Amino acid sequence: RLTLLGKLRRLMLCLLLLYVSVPVIIKLCPSIQAKLVFLNFVRVPYFIDLKRPLDQGLNHTHNFYLEPEGGVKIGVWHRVPAHMWREAQGKKGDWYDSMFSSAHPVILYLHGNAGTRSLGRGGDHRVQLYKVLSSAGYHVVTFDYRGEQSMIGFETHILDGSDAPQYRRIRYVLPGGDCLSILVATNLVRRLCDRGSPPDALILESPFTNIREEARSHPFSTVYRYLPGFDWFFLDAITANNIRFASDENVNHISCPLLILHAEDDNVVPFHLGKKLYAMAAQSKSLSGHKVQFVPFPSSLAYRHKFIYRSPELLNILRRSLTPSEEEGHH
């Protein structure tokens with residue numbers, strides 16, 4: 001009994017030491033927190049060959065690379081609408097580039113943190129979404145991240161090439177709901193709007209207001225939320241990293257239709273944060289005159305954080321997010 005009690009004491013002491021060490025390490029080494037937020041070093045499984053989208057069931061998809069900055073190479077997939085699959089067989093990059101000039105709109109999809117444009121944490125929900133969008137007649141363009149500089153580089157690449165066919169025809173910018181994609185999407189659309197070339201719509205799937213509120217509500221923070229000094233240890237460390245993710249600020253500078261999708265049972269980004277962002281957007285002067293919508297998905301559907309693509313109403317929701325005048329302007 002004494003030996004067992006001694007082992008339990010040592011175990012409890014080790015757990016307590018680990019509990020106290022995590023916030024101290026994050027405070028002293030804020031770069032660790034940045035890596036935990038972005039998780040762009042997590043590329044499991046490693047055996048997937050992204051040069052071969054056909055291996056993932058994407059048989060009318062072209063893989064290519066961009067180099068927006070010296071030494072930074074970004075992998076990109078372009079999936080043409082599903083009805084073009086026969087015509088796409090055996091075609092090279094030039095043919096795919098020419099298809100951007102077709103009447104079919106382009107969706108720029110920004111996947112969330114961790115994983116690749118093929119797989120994310122918890123499965124192949126990204127690939128399944130590409131298939132859904134492609135089946136509805138959309139081009140889908142998606143890319144991978146190679147660190148924060150590549151994200152900034154990709155933004156600059158789109159801004160510098162905003163007159164090119166593939167960017168001029170972007171209808172939707174659709175981030176995948178995690179910190180990384182929300183950062184890229186809202187910053188990119190804000191900059192496009194500032195330049196007078198906004199996309200036809202921004203769709204935010206499971207968004208949050210800002211990184212501090214999301215960090216306070218994230219499941220990881222549950223064990224530390226009531227720790228004295230939680231804000232000082234964790235949230236102030238986020239600020240020290242200059243990680244803003246301020247969607248609540250960006251909606252005041254976005255001037256295009258906005259659609260927010262959120263599942264009530266989202267276990268990563270709380271539903272109330274998406275609803276709060278919608279309330280802010282509805283009051284935004286820059287969005288005045290543009291359609292601003294919030295579409296909730298009941299908990300009974302069990303879509304949680306990653307499975308809104310399963311909704312049979314998703315494509316109708318996307319189509320309705322554009323006003324009739326905008327539809328006529330593109331067809």
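All of these numbers come straight from a predicted model, not from anything done at the bench.

Right, let's talk about the overall build of the protein for a bit. Secondary structure assignment for the protein yields 14 helices and eight strands. Counting only residues that meet the buried cut, the protein has 50% of its 331 residues in that class. Pairs at least 24 residues apart make up 75% of the contacts formed inside the protein by residues separated by at least 6 positions. Of the roughly 15,800 Å² that the protein leaves accessible, carbon and sulfur atoms contribute 57%.

The side chains of a regular strand alternate, first on one face of the sheet and then on the other. Counting buried positions along strand β6 (residues 201–205) yields five of five residues, so the element is predominantly enclosed. The two faces of β6 match: Ala 201, Ile 203 and Glu 205 on one face and Leu 202 and Leu 204 on the other face are all buried. Looking at chain direction, β6 and strand β7 (residues 258–263) are connected through four bridges and run parallel. Its bridge partner lying in β7, Glu 205 is registered against Leu 261.

The next thing to look at is the nonpolar core. Grouped together as the largest cluster of nonpolar side chains are 34 residues, with contacts concentrated most on Leu 110, Leu 202 and Leu 258. A total of seven residues in this core trace back to one element, the largest contributor, which is helix α8 (residues 179–194). Residue contacts for Leu 258: discarding those within four places in its chain leaves Leu 202, Leu 204, Val 251, Ala 281, Leu 287, Lys 291, Val 292 and Gln 293.

Quick look at unusual backbone geometry now. We note that Ser 206 has phi near 55°; this positive angle belongs to a residue other than glycine. Inspection of the secondary structure assignment puts Ser 206 in the loop between β6 and α9 (211–217). With phi around 60°, Ala 302 is a residue other than glycine that occupies positive phi space. Turning to its location among the elements, Ala 302 is positioned in the loop between β8 (292–297) and α13 (314–320). Looking at Ala 302, the relative accessible area reads 32%, which means it is partly exposed.

Positionally, His 262 belongs in strand β7. In terms of polar contacts, His 262 uses its side chain to reach the backbone carbonyl oxygen of Val 269, at 2.9 Å. In this view, His 262 contacts Ser 206, Pro 207, Val 269, Pro 270, Phe 271, Gly 274, Phe 294, Val 295, Pro 296, Phe 297 and Ile 308; residues no more than four positions away in its chain are not counted.

The next thing to look at is the environment of Ala 103. Within the secondary structure layout, Ala 103 lies in the loop between α4 (93–99) and β3 (106–110). Residues Ala 103 and Tyr 138, spaced 35 residues apart in sequence, show a C-alpha to C-alpha distance of 9.6 Å.

This part covers the side chain of His 60. With respect to the secondary-structure elements, His 60 resides in the loop between α2 (30–38) and β1 (61–69). Side chain to side chain, His 60 and Ser 134 meet in a polar contact 3.3 Å long.

What follows is about the pairing of β3. Among the five residues of β3, five are classified as buried, and the element is accordingly described as predominantly covered. With burial as the criterion, each face of β3 is covered, one bearing Val 106, Leu 108 and Leu 110 and the other bearing Ile 107 and Tyr 109.

Residues spaced three or four apart along an α-helix point in a common direction, a consequence of the helix completing one turn every 3.6 residues. Those residues of helix α5 (residues 125–135) lying buried are His 125, Arg 126, Val 127, Leu 129, Tyr 130, Leu 133 and Ser 134. One or two residues past the end of α5 sits Gly 137, with phi positive at roughly 95°.

In a regular helix each residue adds 1.5 Å, so twelve residues correspond to 16 Å; helix α12 (residues 271–282) covers 17 Å between its end C-alpha atoms and thus fits that length. Turning to α12, its buried residues are Phe 271, Leu 273, Gly 274, Leu 277 and Ala 281. Across the axial projection of α12, the buried residues extend over an arc of 165°, all falling on one side.

So, about a nonpolar patch on the surface. On the surface, a cluster of nonpolar side chains totalling about 580 Å² of accessible area is made up of Leu 4, Leu 5, Leu 8, Leu 11, Met 12 and Leu 15. Examined against the element boundaries, Leu 8 turns out to sit in helix α1 (residues 2–28).

This next bit is on the environment of Lys 91. By the element assignment, Lys 91 lies in the loop between α3 (85–88) and α4. Taking the C-alpha atoms as reference, Lys 91 lies 8.7 Å from His 62; in sequence the two are 29 residues apart. Among the polar contacts made by the side chain of Lys 91, one reaches the main-chain carbonyl oxygen of Glu 87 at a distance of 2.6 Å.

In this section: the packing of aromatic side chains. Inspection of the entire model under this criterion finds seven aromatic pairs. Pairing Trp 77 with Tyr 130 gives two aromatic rings, centres 6.5 Å apart and planes at 85°, and the pair type is edge-to-face. Taken together, the residues span a long stretch of sequence, with Trp 77 in strand β2 (residues 72–79) and Tyr 130 in helix α5 at a distance of 53 residues. For Tyr 130, a relative accessible area of 1% corresponds to the buried category. Taken together through their ring pairs, the aromatic side chains of Trp 77, Tyr 109 and Tyr 130 make up a single cluster. Over the aromatic face of Trp 95 sits the side chain of Lys 91, whose NZ or CZ is 5.7 Å from the ring centroid.

Cut-offs and rules
- Residues numbered from 1 in each chain as written.
- Predicted model: local features only at pLDDT ≥ 70, side-chain atom pairs only at ≥ 80, totals over all residues.
- Heavy atoms only, no water.
- Helix = DSSP H or I, 4+ residues; strand = E, 2+ residues; numbered from the N terminus.
- Buried < 20%, exposed > 50% of the residue type's maximum accessible area, 1.4 Å probe, protein only.
- Contact = heavy atoms within 4.5 Å.
- Areas by Shrake-Rupley, 256 points an atom, 1.4 Å probe, with all protein chains shown as cover.
- Pairing = 2+ DSSP bridges.
- Core = buried A, V, L, I, M, F, W, Y, C linked by side-chain atoms within 4.5 Å.
- Polar contact = N/O pair within 3.5 Å; in protein donor to acceptor, adjacent residues only side chain to side chain.
- Expected span 1.5 Å × (residues − 1).
- Arc of directions from axis to C-beta.
- Patch = residues over 30% accessible without salt bridge, like charges linked within 9 Å, V, L, I, M, F, W, Y side chains within 5 Å.
- Salt bridge = Lys/Arg side-chain N within 4 Å of Asp/Glu carboxyl O.
- Phe/Tyr/Trp six-rings, centres within 6.5 Å; stacked < 30°, edge-to-face > 60°.
- Lys NZ or Arg CZ within 6 Å of the ring centre and 35° of its normal.

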